[in-house]
Amino acid sequence: MRPSKLPKPLAACNVCHALSNLHESLNHRCDKVVSGRRCYGTYKSAMTYLWDECESCEATGKVGPQTCSACGGFGWTMYG
Ligand SMILES: [Zn+2]
Ligand SMILES: [Zn+2]
């Protein structure tokens, strides 16, 4: 049985493009640390972004039993 495709991520940071599936992340400051500094971006609804299916895992978030490293297990990559 093939794994099913994941829904698109819920939220994405408008600066570093970190992804989140947590509702509580929406409109909150990004918590990723980039080059030793906390990202100054904000998680925005991912509905406003364009998405590509991850080529490595075909939007399933898994490659065999492993979490896909190309998309971090989200199954989607931001277009562009
Ligand atoms: Zn960020
Ligand atoms: Zn992937």
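This text gives an overview of the structure that appears in the document. Residue numbers here run from 1 along each chain, matching the order of that chain's written sequence. Here every chain gets a letter starting at A, and every ligand a number starting at 1, in the order they are written. The predicted origin of the model limits local features to residues at a pLDDT of at least 70 and limits the giving and counting of side-chain atom pairs to 80 or more, whereas totals for whole chains, interfaces and linings rest on all residues. Note that the side-chain values use all heavy atoms of the structure and ignore hydrogens as well as water.

**Looking at the packing of aromatic side chains**
And then number 1: Only Phe, Tyr and Trp rings are paired, with Trp represented by its six-membered ring, and only when their centres lie within 6.5 Å; those with planes under 30 degrees apart are stacked, over 60 edge-to-face, the remainder tilted. A full pass over the atoms with the stated rule returns one aromatic pair.
And then number 2: An angle of 80 degrees between the planes, with centres 6.4 Å apart, marks the rings of Tyr49 and Trp51 as edge-to-face.
And then number 3: For a Lys NZ or an Arg CZ to count as sitting over a ring, it must be within 6 Å of the ring centre and within 35 degrees of the ring normal. Between Lys8 and the ring centre of Trp76, over which it is positioned, the NZ or CZ distance is 5.2 Å.

**Some words on the coordination of the zinc ion (ligand 1)**
And then number 1: Metal-coordinating donors are taken as N, O and S atoms lying within 2.8 Å of the metal, or within 3.2 Å when the metal is Na, K or Ca; because water is left out, some sites can appear incomplete. Around the zinc ion (ligand 1), the protein contributes the donor atoms Cys13 (SG), Cys16 (SG), Cys30 (SG) and Cys39 (SG), at 2.2 to 2.3 Å from the metal centre.
And then number 2: Coordination at the zinc ion (ligand 1) is tetrahedral, judged from the four donor atoms that bind it and the angles of 106 to 115 degrees they form at the metal.
And then number 3: Positions of the donor residues of the zinc ion (ligand 1), expressed as sequence spacing, correspond to C-x2-C-x13-C-x8-C. Placement of the pair is Cys16 in the loop between β1 (11-13) and β2 (19-20) and Cys39 in the loop between β4 (37-38) and β5 (43-45), with a sequence separation of 23 residues. A site with four donors is called tetrahedral when every donor-metal-donor angle falls between 85 and 135 degrees; four donors are called square planar, and six octahedral, when opposite donors sit more than 155 degrees apart and all other angles fall between 65 and 115; any other arrangement is irregular. What counts as a helix is a DSSP run of H or I of at least four residues, what counts as a strand is a run of E of at least two, and both are numbered from the N terminus.

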